[in-house]
Amino acid sequence: MGERRIEAALQEATDTQDVNLGAGALASLPGVFREGFGDCPAIVVADRITFEVAGKEVQRRLERAGHTMIEPYVFPAEPPLYAEYSNIEKLRDSLREHDAIPVAVGSGTINDIVKRTAHECERPYMCVGTAASMDGYTAFGASIEKDGLKQTLSCPAPRAVVADLEVLKHAPEDMTASGYADLLGKVTSGADWLIADALEVEMIDPTGWSLVQDNLRGWTDSPAELRPGNQKATERLMEGLIMSGLGMQSYQSSRTASGAEHQFSHLWEMEGLGHGEGHAGSPLSHGFKVGVATVAIAALYELILERDLGDLDIETLRDSWPTREELARSVRAQHTNPDLEEGAVEQTLAKYISAGELAQRLELLRDVWSGLREKVRVQLMPAEQVREMLQAAGCPTGPIEIGLRWDDFEATYSRARTIRKRYTGLDLAFETGILKECVGELFAPDGFWGRAAASHASADGTRVAGSFRRSGEA
Ligand SMILES: [Zn+2]
């Protein structure tokens, strides 16, 4: 079934022609390579760990099948490889010495580095995934730190992806858990798109929507089976992650797979959270940030949906709506990092509407609210359920576990909205004037986060709280 879904999705993809996910899929590698690149020479690019895990095997199989192989490019294991631009420059200098097709063997970081480097060398590439850890395998663009800022650099997705379940199911638990959280985030990102669609900000693209959302519940319904490396559960997760990447490829935007929960995660990343000093000495994963943020957004949505946004005092909201200048000022006041501040002002103003336009949007909201509220309810799940599912998969579920202070976490609710022009539930709450009030409720003693903070504080004295916590941070 999964295979057929991926086959069908490939028809919609612009870059990726072949995906082979299955037990023993590495055996298909020489054929997949020949199909995609003919008789071109190949070069395996890996890090020390992924080279041991699968790179050697990839090298052997391609050699045995008679492909011309260039000496593998292997990044050292220490310090842990980071997706920063200097690594792209190093690899690029090396790749320019020949014309071999890079075969990236690894997960997020290796894939991102090779994806962008291959593009800069004007070469296609293929990827052999070693962990079900994020949805970037089949996505275009690479998330790279350049000039001190994490950015998405444009570049096509791989021409082919091979993912062997025998390898994936033995990946470190944390990596699989991270992939699970990245996938579960599609629950809230879907709600965001429903809202943007209903308010005529960004219409839903049926194909991009279906690829990611149609089977989301099936891919995410057995988190506890991932930890022991259950092959079926790992396959479902990886299928979801691959489909999610293909969804972004087909719609040519990450809208299909990323909403407010990713804005939280990107903001934390830009602010340097868990940078190189996360748990077990490796950087805090993308998925772990997205997971905590997904709980946060689900909790906010619960409060939004309790309200009747079809019955707003539109006139009062229009009269108190900020001008462009006032909004820019308030965005500046919320950021401390000057690089971030400029970008945030630009992104926020890109989605700015005038007071008159706000009134029109709120009138539209009045007309569509009852239907929209129902659709969003069906799309979402309760925050407590999201939290339990993440916990079952072995993910952190609260700010302290990822090294974030409660007050920074609370501030994220208003700050995250400013860093991306993409319209989400955060914008809906802001424009209807309820964002502050909802956040206040979440962090009140009997609110979703207030209760979590209290139980955390009472447990703190008796045990080391949060195994994911950054050292030295209380
Ligand atoms: Zn993601």
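As a reminder, the structure under discussion sits directly above these lines.
Residues numbered from 1 in each chain as written. Predicted model: local features only at pLDDT ≥ 70, side-chain atom pairs only at ≥ 80, totals over all residues. Heavy atoms only, no water.

On a plain count of helices and strands, the protein comes out with 22 helices and 8 strands. Rg of the C-alpha trace for the protein: 22 Å, near the compact-globule value of 23 Å for 474 residues, within the 12% margin. Expressed as a percentage of the 474 residues in the protein, the buried residues total 58%. Looking at the protein alone, contacts between residues at least 24 apart form 79% of all its contacts between residues at least 6 apart. A total of about 19,200 Å² of accessible surface is found on the protein, and carbon and sulfur atoms cover 48% of it. With 48 positive and 73 negative side-chain charges, the protein shows a separation of 2 Å between the mean positions of the two kinds. (Helix = DSSP H or I, 4+ residues; strand = E, 2+ residues; numbered from the N terminus. Rg over C-alpha atoms; globule rule 2.2 N^0.38 Å. Buried < 20%, exposed > 50% of the residue type's maximum accessible area, 1.4 Å probe, protein only. Contact = heavy atoms within 4.5 Å. Areas by Shrake-Rupley, 256 points an atom, 1.4 Å probe, with all protein chains shown as cover. Lys, Arg positive; Asp, Glu negative; His and termini not counted. Charge placed at Lys NZ, Arg CZ, Asp CG, Glu CD.)

What follows covers the sheet that holds strand β4 (residues 101-106). Strand order in the open sheet formed by 6 strands is β1-β8-β5-β4-β2-β3, and the pairing between neighbours is parallel. The open sheet terminates on both sides in strands that have one partner only, identified here as β1 (18-22) and β3 (69-75). Shown here is a sheet whose adjacent strand axes are inclined to one another by a mean of 15 degrees, direction ignored. The pairing of strand β2 (residues 42-47) with β4 spans 4 bridges and is classified as parallel. Following the sheet pairing, A42 is matched in β4 by I101. Docked against the sheet, helix α3 (residues 48-64) engages β2, β3, β4 and β5 (126-129), running at close to 165 degrees with respect to β2. (Pairing = 2+ DSSP bridges. Axes fitted to C-alpha atoms, helices over the stretch in contact; angles between N-to-C directions.)

Binding of the zinc ion to the protein goes through D182 (OD), H262 (NE2) and H286 (NE2), at separations of 2.1 to 2.2 Å. Linear spacing of the donor residues for the zinc ion on their chain is D-x79-H-x23-H. Linking D182 in helix α7 (residues 173-184) with H286 in helix α13 (residues 286-306), this pair joins segments that are 104 residues apart in sequence. (Donors = N, O, S within 2.8 Å, 3.2 Å for Na, K, Ca; no water.)

The α-helix winds at 3.6 residues per turn, so residues separated by three or four positions along the chain end up facing the same way. Restricting attention to buried positions, one finds in helix α21 (residues 435-443) the residues L435, C438, V439, L442 and F443. Along the long axis of α21, the arc covered by the buried residues comes to 130 degrees, so they all point the same way. (Arc of directions from axis to C-beta.)

Take the pattern of salt bridges next. A complete count under the given rule lists 29 salt bridges for this structure. For K186, the salt bridge identified is with D135, shortest N-O distance 2.6 Å. A residue pair is termed long-range when its members are at least 10 positions apart, and K186 in helix α8 (residues 186-198) and D135 in the loop between β5 and β6 (142-146) qualify at 51 residues. D135 carries the same exposure label as K186, and that label is buried. One salt bridge in this structure joins R366 and D367, with 4.0 Å as the shortest N-O distance. By relative accessible area, which is 59% here, D367 ends up exposed. Several salt bridges converge on common partners, so that one network encompasses E57, R60 and R61. (Salt bridge = Lys/Arg side-chain N within 4 Å of Asp/Glu carboxyl O.)

Right, let's talk about the nonpolar core for a bit. In this structure, Y413 and W449 are the most contacted members of the largest nonpolar core, which totals 127 residues. In terms of residues, this core owes the most to one element, α13, which gives 13 residues. Those residues within four positions of Y413 in sequence are excluded, and the remaining contacts are F264, A296, I297, L300, L426, L435, V439, L442, F443 and W449. Core analysis: the next-biggest nonpolar cluster, separate from the first, contains 22 residues, A25, A54, V58 and L62 among them. (Core = buried A, V, L, I, M, F, W, Y, C linked by side-chain atoms within 4.5 Å.)

It is worth stressing that arrangement in space is one thing and function is another; only the former is reported here.
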